[in-house]
Every structure is written in C-alpha cells, then in structure tokens.
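Now for the letters of each chain:
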Amino acid sequence: MFSRRNFFRGAGALTAAVSASAVSRVAMAALPEPVLQTKPDTMAPLVPNTGRPYNPVVTLNGWTLPWRMNQGVKEFHLVAEPVVRELAPGMKAHLWGYNGQSPGPTIEVVEGDRVRIFVTNRLPEHTSIHWHGQRLPNGMDGVSGLTQKSIQPGQTYVYEFVARRPGTFMYHPHADEMTQMAMGMMGFWVTHPKVKNPQIDEVDRDFCFLLNAFDIDPGAATPKIMTMTDFNLWCWNSRVFPGIDTLNVRKNDKVRIRIGNLTMTNHPIHVHGHEFTVTGTDGGPTPKAGRWPEVTTDIAVGQMRQIEFLADEEGDWAFHCHKSHHTMNAMGHNVPTMIGVDHRQVAKQITKLVPDYMVMGERGMADMGEMTMPLPDNTLPMMTGEGPFGGVEMGGMFSILKVRKDQKRGDYSDPGWYQHPKGEVAFPWTGALPEPARFAAEGGQSMPRLQRKDATAEVNVRKPSGHSGH
Amino acid sequence: MTTSRNTAIRFALLAAPLLLAGCASLSGNGGMTPIQDAAKNHLGATLLAASTDQDLDGIDQRVAELLTKPLTADSAVQIALLNNRGLQASFQELGIAEAEMVQASRMPNPGFSIAKLKRGDEREIERGFSFDLGHLVALPLARQVESRRFAAVQRSVAMEMLSLAAETRKAFYAAVAAEQTASYMRDVRATADAGAELARRLAQAGNWTKLQQAREHGFFSEAVLNAARAESARVSARERLTRLMGLWGSQSAFALPARLPDLPADPQDRPDIEQVAMTTRLDVQGAKAMVEATAKNLGLSKVTRFINVLELGYQRNSSNEAPRQTGYEIGIEIPLFDWGDARIAKAEAVYMQSAHRAAKTAVEARSEVREAYQGYRSAYDVAKHFRDDVVPTAKRISDENVLLYNGMFISVFELLADARAQIASVNGSIEALRDFWVAQSDLDMALVGKPSLGGAGPSASVAGTGGGAAAH
Ligand SMILES: [Cu+2]
C-alpha cells in the first residue's frame, strides 16, 4: 500500500530541481526513513502497531505518515519538496508538498504523545512548519523569523513537543506562506484522545480532508501564486471532482468528517440525506449542549470543522460545497451569458475566420457537460461526471457519501452505484397538467418613487418552447 | 561537273557579301527577328508587330483565347507583349530605323547636269555627269553607322519589351495579392458583422449593456474601413495590370487566380550571378558594342581623314568656240587647315566617353543584379518566415483559443478579438508572398537589363486594430 522507497532514489526522481541542496546520507541515516507516496488514491487507515492504540482516520485521497518509536518518542520525517499531483485524471499540477504529494501525509498521534518531527527542506527556498492549533512551546510554533530561523534548502530541522490536547489540526509553512500555501504545502494532523473523553464520541468511520484552491490557467500546470480571490480549481486535498474519492460507509455507521479550510474564502459544506452536528473545531470539541443539527456548515478561512452523523439512510448522497462555482472546474469568469441569444446563423459567418467555432451557451452551461469538445492540454472540463442517470455536471468540491447496508465493517472500497428500491426514484409525469391558479393580488409599493421615468425597460421573457432543435 | 559547281558555289559565297554590301534590303518583318528571339528566349512569349488589320485581328483572337482562362503571370505577359499599343508603336520605330538603314546602305543615284551658256556668240554647253563618289566612298561607313543605330534601336525596343514584360509580371502579382487581400478583408468584415450582430442580440436579450455592445461594434466599423481600403487597392492594382496588357471594354473583365503561387521549395542559389549578368544584359552588350564601334570610328578617322575630303567628278565641257575639252578634273582638298587632329581628338574623346559609359553600365549592372538578387533572397526569407512561423503561430494561437472557447474559458468575442489580431499576420503573409514574386521578376529583369526594383504597386493598408494586433 505504501511505497517505502529509498529516500534518495525516490526523492531524486521527484525533486531533481533542487538536487543542489542534497542532504548528506550520513546525516539522514540517523533520521527515520521518510516515506513517500506516489499515488493520489485514498489509502486504508494506518492501524497503529507501536505506541498508544487509537482508532485511525482515513484521509480522502491521502494517507497517514508512518512513524518510528525512539525511546518513547514518536518520530516522523516530513520532506518538503516539489511534487506532481494529479488533480483528477487528465490533469496534473506542479505543486509543492510533502513526501511526494500535496497535501502532505496526515500525522496521527495520541493525546500526551511526545512527538519529534524531522523536517527536511528540498524546496528551492527556505521554509518552516507551523502546527496549526497546537499547544506547544513557543519556539516550536514554526513562524520563521519570529520563533525560529527558517529552514534553508538542504537543511533538516527538528520540532519536538507533546500533543497536549485531542482534536483536529493541520500543518502548513509559515515562511513565504503566500507562495508555499498557494503551491499546495499543507497537511492534516489528528490527535486522538488518550482515554474516553465525554465530549468525544467513538465513531465507526473517521474521514478527514483539507479544502484548498489553485489558480492554474487552462493548459498550464503550475498555480498562479499571486491570485487572491479568483481561483479556478476548488479542491479537497488537492483533488477536484471527478478526482475526489467517494466516502463509502456502512448503514448505521457513526461517521465523523474532519474538514480544514486553507483556501482564501469560506465554504458552506453540505451533506444530503442526513443531519449532522459540528462536534469540534480547531479549538477542540464543542460542548454537547451547544451542538445543533445542520445540513450545511460554513467553514471559514483557517478554520477546522468536525461534523458527525449517523449514516442511517441508504443511497448515494451528494456531499459538496454549497457555493455553486466551487462545484465547477476552471471556467471563464468574464464570458457573457448567451442564454436566449440565438446565434446559429451568425455562427456561420464567424466560422469564416474561426473555422472550428461552435455554438454554445444559448440554453445554459449544460452544453458544456454534454459536448465533448477538445480542450487545452492538461485541462479538465468545467463540469463533468457520468452518473447512473446521466451527466452529473459537476467539478471542484463535490463528492458522494455512499451508504450501504452490506458494506463490510472497515471496508472503504467503492460499492458502485446505489440500486434503488422500486418506486423510490423520481419519474416523469405523463398525466394531464392543469393550469395552476395564479395569485393576482400583489401588494403595493411601500415607498413609491416620486419621479418615475416614463417607460419601464422592455424585458422579454423567453420560455423554452418544446424542442429547440438541438 | 563537281568542280565547276563548287567553283560556282564558291563564287556565289564570295559574291554574296559584295552583293549584300552593295544593296541592303528590308528584312520584311521590320527588323523584329532579334526582338522576337529575345521574347522567345527570355520569356517564352511570341511577338507580332501589327502592321495590318489582319495582324490586329490575329492579336485580338489570341488575346481573347488567352483571356478565356484565369490569367497566369505568363499569359498576362503574353497579352501585354501582343496587345500593349505602346510596344507596338516602338515596333514601328524599329521599322523606321530599319528603313533608314537600308536607305543609307543603297548606292547613291548618279547625277547628271547640263548647262547651256551664251557669252556673246559664244555658246557653251556644259554637261556634267556627276557621281557622288564621296557618298560612294562613305557608303560602308554610313551603312555601319546606320546599322549600329538600327541595332541600338533594336536593343532599346528589346529592352522596352522586356521591361514591359517585367512590369506586367509585377502588376500581375500585385493584382492577385490585392484581390486576395480584398477577399480576406471581405471575410473579416462578414465576421465582424456577425460579431456586431451577436452583440446587438446580446443587448436585446438583456444580457449585455449598450456600452458593451458599442465596444464590440468597433471591430465591425474598423473592418468596414479595411474592406473599403482593400477594395480600392484591388481596383487600382487591377487597372494597372489592365493598362499594361492594353485591355479595354469587355476584355477588362479578365479573371485572376484566387491565390498567389506558392513559395518555391528553395530559393535559387546564384553565386555567379554577376558574371552571368555581364554576358546576358542587353545594356552591357550595347555598351560594349558602342565601345567597339567608336574604336572603329577612331581608327577610321585616322585612316580616312584624307579620303573624307576627296571629291571626284567627271567633266566634259564643250564649247562651239574651242575644241572640246575633255578630261577629268580632280580636286584635292589639301588638309592644310584641317589636319584632322580635331576630328581625331573628338573621336578619341567619343571613344573614351563610350568606354567610360560602358564601364559605368557594367558597374551599375553588377550593383543592380546584386541588389535584385539580395532583394530576391530576403523577400524569400521574409515570405518563408511568414509561411513557416508567423502564420502557423497565429494558427496555433487561434487553435488554442478555440480550445479555450470549448472549455468556456473565453467567449466568442475573444475569438473574434483574436481573429482581429491575426489580420495583420495574414495580410503580411499575402504581401510577403507578393513581394517575393515581384522580387523574382526584378531579378529576372536585372539579368537582361535595368530593373525598376521594388514597386509592386499600391497595397491595402490595414487600419490599426485595438486587439493588440501589430500596427501595419
Ligand atoms: Cu466552496
């Protein structure tokens, strides 16, 4: 499952760009072997075989970093380096990450563990790691310049502290962080409770992922790091739909999903078919008395949310960010709306100069999902995905919660499409359609405008009339 | 039998030049043969000096026949050579020069004079038979001079013919290019029209503001301007060709090919072009001939300064009072006051003048041929760069833009803006190809005579576009 490749061999292939900052083999020999990951798949939970036992998490399209115990200290080795991450089949991005992937591997420890993390810098510039949400000695907080010297290319730094409180955390650089986070440097951190905690329930399945965003021009591979708001790839763990794995659970499993937001905007994360409660933030477990049921929780920038629910409704349930642009892949944000503009004839003339021109957008954007037209290299369609009933027309932050009664305990594999019981799927009405009575008594204006302009703007409502000949 | 026939043949051969020298006759085609040969050798075209209505009818027929198909550079040249009335006028000049030469080479008519004089009772009858011996003696000289003059006229007419051909060829390429540009500009206008219409519909549907619509209209109005300019350039390029081909009336509705011929795979490599030009250029040949001729004149002046002044007459004077006087009277003009020095000096000066002129002609010819060749090579490189880089790059950009459009990353208006940016490169490539063919014509011309380098005629100027297109 994990490719435990020799560091020098494995890293050499991925980080040829920074080979000048080679790390001495002798120096490395004393360190825990860094484990690299070459695939963006969701790896099975890493069940601890040393140290305190805990119930491991599953990182969506990610993995947990193995460790070694050294005289009672849990030792991890993170290698910051350039990586190639597949955002979805058909598109690879040139990112910076840790141990072969962006985001880096999830670090799982148990409350009270003494943790020692070696951080080797194989980037072309200095870096540092900040342990978001942790209680730790100030000098271990990883803010370069403020609490430590930055880690120069080729250097390895050691961070050591006790994971004092259980909860959901993350790590990311705090040196040239605008660049380094825009390039994908981040990772998840889970501290499991040491003993039964009244605020923390036992769960059957524990998923985690980070929200991140990139701005990569169609046809390019490297994020534009100067972008502040107009990102075009909205990711979960540096993956976009249809590249995000489904969350597969057994019916009546108690499910926890931990989500951290390292984008520059908020994301209302929404689950279909179930209500959940927010059971924790990066500040710790929420008091049980203060929890309320929701189907959407907004995760602000730099925040973490831990949601829990009982997966008691079978089916394939959409799970996504509720900002509809965030469930799209890259698209033009300055493209005029063509709805209601007939330009079939006009298009013929346009093809004189642009021979491959095709009419799109007259009816809406779904044309995009239907047509399979050539795109620039290394570019995903704006909306895509073929479901059992047709095009799903999604991209970005979208996945599916699959609840199955016959899913085995501990089995995270995809069970395929849900087989709906008879009569439980919406169907087309074929009967008569009486004209509904319309409500006519509108209220007046509370404050009418005094000098009204004479004519109201002429607005034509175009209703689709039968088949429009597509 | 054999011997006597041989003797007869030998005698005929010997006599022939004498006979010819004695009495040159008209060639019968107005001295056209060398011009026709030049047309055939250099252009692969035929010439006909039209002297009669039948000739003109024949020319009309041939021209009509050539006009049934879209013109090629060669057929345009052929039409011009047959049909250009200016050239026909020069052919007649050739006829005039030939007639003068023939005239000059004929024996002078002998003169006869009779005088009857009375002096008192004395009657004097003076009869004179005079033969302009001077003329006779000078006849070879006059014939030489006249035939040189005739040869010069022939060369100049040949040159005129060749430069008409070159100008026609250039005008042909210019006309085809202008036609191509105009047709492209019409497409641009149609597309811009479509863009403007689309913008109007977007505004009508409520999806766009009037401001956005007005901005999009800009492309259209620019395209209309460009199309109008291209049309005007097309008309003048075509009219120039029409004039050179001497066409009028329904003939001027000739068809041109839709495109310029493709660029040849490789340019001609001519390291020896200057040497070749020295032997092939008519002006160089003419200058050399002139030097030789003046050299002869110089020698002749030295030899004939006495002969020139010799007059010979036969006199037979009779008088009733005196015995008949018969005999010859020979007057010799003694070169007492005119030793011929001045004449020799003049001839020498004329010789040196022609020698300098020949040198100048050669120097200029070398330079012209180098310039023409350089122009040809660089025109080739430019046209090749347009073909292999500029246009493919524009095409790549366009292809990538269509991909972006497919992904809804950009709108149709960005595609149009891109098309707008391409106008300069498409137009540039048409002009570069035209310039190559013009340079090729100039080079061909430079190998036979003085070329009029450059000057393909008017070209359509493209109005600067706002879409980042290179200003033209
Ligand atoms: Cu979102």
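A brief report on the enclosed structure follows. (Residues numbered from 1 in each chain as written. Chains lettered and ligands numbered in written order. Predicted model: local features only at pLDDT ≥ 70, side-chain atom pairs only at ≥ 80, totals over all residues. Heavy atoms only, no water.)

## What about the sheet that holds strand 7 (residues 130–132) of chain A?
Residue and element names in this part refer to chain A. Overall, mixed pairing links the four strands, which are arranged 5-10-9-7 in an open sheet. Every interior strand has two partners, whereas the edge strands, strand 5 (107–110) and strand 7, have only one. Within the sheet, the average angular offset between the axes of one strand and its neighbour, ignoring direction, is 25°. Bridge count between strand 5 and strand 10 (residues 187–192): four bridges; the pairing is parallel. Its bridge partner being in strand 10, Glu108 is matched across the sheet by Val190. (Pairing = 2+ DSSP bridges. Helix = DSSP H or I, 4+ residues; strand = E, 2+ residues; numbered from the N terminus. Axes fitted to C-alpha atoms, helices over the stretch in contact; angles between N-to-C directions.)

## Observations concerning the layout of surface pockets
Its boundaries defined by the atoms lining it, the largest pocket holds a volume of some 790 Å³. Along the walls of the largest pocket sit 28 residues, with Tyr184(B), Arg259(B), Val391(B), Val426(B) and Ser429(B) positioned nearest its centre. Elements with a minimum of two residues in the lining of the largest pocket: helix 6 (133–204), helix 10 (341–406) and helix 11 (412–446) of chain B. No other element matches the nine residues that helix 10 of chain B contributes to the lining of the largest pocket. Looking at the lining of the largest pocket residue by residue, the class counts come to 14 nonpolar, six polar and eight charged. Lining the second largest pocket are 26 residues, and of these Gly387(A), Val392(A), Phe398(A), Ile400(A) and Trp417(A) lie nearest its centre. Every element with two or more residues in the lining of the second largest pocket is listed here: strand 21 (315–321), strand 22 (384–387), strand 23 (390–394) and strand 24 (398–404) of chain A. (1 Å grid on protein atoms, 1.4 Å probe; cavity = no way out; pocket = protein on both sides within 12 Å on 5 of 7 lines; lining within 4 Å. Points joined across faces, edges and corners; volume = space filled by probe spheres on them. Nonpolar A, V, L, I, M, F, W, Y, C, P; charged D, E, K, R; others polar.)

## Here's the deal with the coordination of the copper ion
Residue and element names in this part refer to chain A. The copper ion binds to the protein through His267 (ND1), Cys321 (SG) and His326 (ND1); the donor distances cover 2.0 Å. Counting the intervening residues between successive donors of the copper ion yields the motif H-x53-C-x4-H. Taken together, the positions of His267 in strand 15 (residues 267–271) and His326 in the loop between strand 21 and helix 4 (344–350) put the pair 59 residues apart, joining distant regions of the chain. One exposure class covers both His267 and His326, and it is buried. (Donors = N, O, S within 2.8 Å, 3.2 Å for Na, K, Ca; no water. Buried < 20%, exposed > 50% of the residue type's maximum accessible area, 1.4 Å probe, protein only.)

## Structural notes on the state of the cysteines
All names here are of chain A. Scanning the model with the defined rule gives zero disulfides over all chains in all. The structure places no disulfide on Cys235, whose sulfur is separated from the nearest cysteine sulfur, that of Cys321, by 12 Å. On the basis of relative accessible area, Cys321 is assigned to the buried category, the value being 1%. (Disulfide = S-S within 2.5 Å.)

## Focus: the packing of aromatic side chains
Evaluated as defined, the whole model comprises 21 aromatic pairs over all chains. For the pair Phe207(A) and Tyr412(A), a centre-to-centre distance of 5.9 Å together with 80° between the ring planes defines the contact as edge-to-face. Of the two residues, Phe207(A) sits in strand 11 (residues 205–214) while Tyr412(A) sits in the segment after strand 24, which places them 205 residues apart along the sequence. Judged by its relative accessible area of 2%, Phe207(A) falls in the buried class. Take Tyr412(A): its relative accessible area is 21%, and that puts it in the partly exposed class. Ring plane angle 70° and centroid distance 5.6 Å describe the contact between Tyr380(B) and Phe436(B), whose orientation is recorded as edge-to-face. Pair noted here: Tyr380(B) is in helix 10 and Phe436(B) is in helix 11, with a separation of 56 residues, a long-range link. Neither Tyr380(B) nor Phe436(B) differs from the other in exposure class; each is buried. Just above the ring of Trp67(A) sits the side chain of Lys74(A); from NZ or CZ to the centre is 4.5 Å. (Phe/Tyr/Trp six-rings, centres within 6.5 Å; stacked < 30°, edge-to-face > 60°. Lys NZ or Arg CZ within 6 Å of the ring centre and 35° of its normal.)

Just geometry here; none of it tells us what the structure is for.
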